[in-house]
Amino acid sequence: MRESIYNNHDIEAAKIIDDFLPDKLFDAHMHITHLDSLYDGRKSFDDYYDDIKLFAKNREVRCNGIVYPDDSLKIPAELAKSHSFLVEELNKHPQNVGEIIVFPSDTVCDIEARLLHPNIKGLKCYCFYAECEDKYEATIDEYLPESAWEVSGKRKMPITLHLVKKECLAHPDNLNYIIKMAKKYPDAVLILAHAARAFATWTVFGTVDKLVDLENVWFDFSAICETPAILYIIKKVGVSRCMWGTDYPVATILGKPISLGNTFAWLNEGNFPNGFPLRHIFTEEFMAMRELSILADFDKSQIEDIFYNNAVKLFVCK
Ligand SMILES: [Zn+2]
């Protein structure tokens, strides 16, 4: 077991978080990987359980383990290793589910050939795999194939989508695509990761409104460390399609992303003088969820829904 990453500021916050957390947690967005080189070798569900222990204590914790979308997975042999690792991990931890990678050129057969374990319950696309020059400005259909929607609809298997483009949900190409495809495939489910990647808070204001009636569009709040965007989503969409997540192992970084100017910035030790009381993203995410529950007047059952029941409904009981 590696040394704990946490400092005294995390440990102090963990006491406050402990009073608020429900008895059971289901992390809707965390990553596992066969690669040794990422995040100080954090790869497996066991690594995750070690790192979340400060907060989870003896609570039941289940996860959706999304294969980490590394660039190297374009190489078929690396992709196969990555998916074999997921299968091994799901065998070791049958309480958990996982998501496989889909590529822009995939057919339905390509995707179904990767469903190697009954607990593989979702599909993950990522902009790195788009063919275009500027991956972070890719349109969704350049990295999410329509075949994924077909598989999602047929098997009730959610697609986790990390939006790109500077304006995220406020870019009409993104918003119009989501509306069009969610209507075309009503049995498919789309999860907009990181609250529709609302690190720049303004991008969801006035835009999430257009998704309110689309019952098959969900949100995970992973890596979001501030409350305005997630509070806005809750006010518009309600609790039933929103889920807590950590984006582990990203959650083990010190600092947090903040909305800044018309964009966002990831703050870390480099932005502050020595000794500044920074905490890890894990801590900041939990604190943001606690603030959200206070601001939105959540009752106990709504906290249980967002931290556990909604994810079970989506990933396990279909
Ligand atoms: Zn992620």
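Here the structure is shown first, and the text comes after it.
The structure displayed is predicted, hence computed values, not measured ones.

Cut-offs applied
Residues numbered from 1 in each chain as written. Predicted model: local features only at pLDDT ≥ 70, side-chain atom pairs only at ≥ 80, totals over all residues. Heavy atoms only, no water. Salt bridge = Lys/Arg side-chain N within 4 Å of Asp/Glu carboxyl O. Helix = DSSP H or I, 4+ residues; strand = E, 2+ residues; numbered from the N terminus. Buried < 20%, exposed > 50% of the residue type's maximum accessible area, 1.4 Å probe, protein only. Pairing = 2+ DSSP bridges. Contact = heavy atoms within 4.5 Å. Axes fitted to C-alpha atoms, helices over the stretch in contact; angles between N-to-C directions. Donors = N, O, S within 2.8 Å, 3.2 Å for Na, K, Ca; no water. Disulfide = S-S within 2.5 Å. Core = buried A, V, L, I, M, F, W, Y, C linked by side-chain atoms within 4.5 Å. Expected span 1.5 Å × (residues − 1). Polar contact = N/O pair within 3.5 Å; in protein donor to acceptor, adjacent residues only side chain to side chain.

Caption draft 1: Representation of the pattern of salt bridges within the structure. A complete count under the given rule lists 16 salt bridges for this structure. The closest approach of N and O atoms between Lys236 and Asp209, which form a salt bridge, is 3.4 Å. In this pair, Lys236 is assigned in helix H8 (residues 228-237) and Asp209 in the loop between helix H7 (193-197) and strand E7 (217-220), connecting sequence segments 27 residues apart. With a relative accessible area of 35%, Lys236 lands in the partly exposed category. Residue class for Asp209 comes out partly exposed when judged on its relative accessible area of 30%. The salt bridge involving Arg279 is made with Glu284; its shortest N-O contact spans 3.2 Å. Residue class for Arg279 comes out partly exposed when judged on its relative accessible area of 21%. By relative accessible area, which is 11% here, Glu284 ends up buried. Each of the salt bridges in this network shares a partner with another, and the network as a whole consists of Asp46, Glu89 and Lys92.

Caption draft 2: Molecular detail of the sheet that holds strand E5 (residues 159-161). Strand order across the open sheet formed by eight strands is E1-E2-E3-E4-E5-E6-E7-E8, with parallel pairing between neighbours. Edge strands, defined here as strands with exactly one partner in the open sheet, are strand E1 (24-32) and strand E8 (242-243). By the bridge criterion, three bridges tie strand E2 (residues 60-67) to strand E3 (residues 97-101) in an arrangement that is parallel. Bridging from a neighbouring strand, Ile66 pairs with Glu99 of E3. Together, E1, E2, E3, strand E4 (120-124), strand E6 (190-192), E7 and E8 form the strand contacts of helix H10 (residues 300-316), whose direction differs from that of E1 by roughly 60 degrees.

Caption draft 3: Looking closely at the pairing of E3. Within E3, five of the five residues are buried, which leaves it mostly tucked inside the rest of the structure. Two elements, E3 and E4, share four bridges in a ladder whose sense is parallel. Opposite Ile101, over in E4, you have Lys124 as the bridge partner.

Caption draft 4: Examining the coordination of the zinc ion more closely. At this site the zinc ion is bound by His29 (NE2), His31 (NE2) and Asp247 (OD), with donor distances of 2.1 Å. Each donor residue of the zinc ion lies on the same chain, and together they follow the pattern H-x1-H-x215-D. A residue pair is termed long-range when its members are at least 10 positions apart, and His31 in strand E1 and Asp247 in the loop between E8 and strand E9 (256-260) qualify at 216 residues. A residue is classified by how much of its surface remains accessible, and His31, at 5% relative accessible area, is buried. Relative accessible area serves as the criterion here: at 8%, Asp247 is assigned to the buried category.

Caption draft 5: Summary view of the state of the cysteines. Applying the stated criterion across every chain yields a total of zero disulfides. Of all cysteine sulfurs, the one in Cys225 lies closest to Cys242, which takes part in no disulfide; the gap is 17 Å.

Caption draft 6: Looking closely at the nonpolar core. Formed by 97 residues in total, the largest nonpolar core has its most connected members in Leu192, Phe219 and Phe221. For this core, the element with the highest residue contribution is H8, accounting for seven residues. Not counting residues within four places of it along the chain, the set of residues in contact with Phe219 comprises Ile191, Leu192, Ala195, Ala196, Val208, Leu211, Ile233, Val237, Arg241, Cys242 and Met243. Ranked by size, the runner-up nonpolar core spans 12 residues in total, among them Ile191, Met243, Tyr308 and Ala311.

Caption draft 7: Representation of helix H2 (residues 45-56). Compared with the 16 Å implied by 1.5 Å per residue over 12 residues, the 14 Å span of H2 between its first and last C-alpha is markedly short. For H2, the set of buried residues is Phe45, Asp47, Tyr48, Tyr49, Asp51, Ile52, Phe55 and Ala56. Looking at the buried positions of H2, the neighbouring elements they touch are helix H1 (8-20), E1, E2, helix H3 (76-92), E3 and helix H9 (281-295). Of the residues flanking the start of H2, the one acting as N-cap is Ser44, its side-chain oxygen 3.3 Å from the backbone nitrogen of Asp46.

Caption draft 8: Representation of the environment of Ala13. As for its placement among the helices and strands, Ala13 is situated in helix H1. Judged by its relative accessible area of 1%, Ala13 falls in the buried class. Measuring from C-alpha to C-alpha, the distance between Ala13 and Pro94 comes to 31 Å, with 81 residues separating the pair along the chain. Beyond its immediate chain neighbours, meaning those up to four positions away, Ala13 contacts Arg279, Thr283 and Met287.

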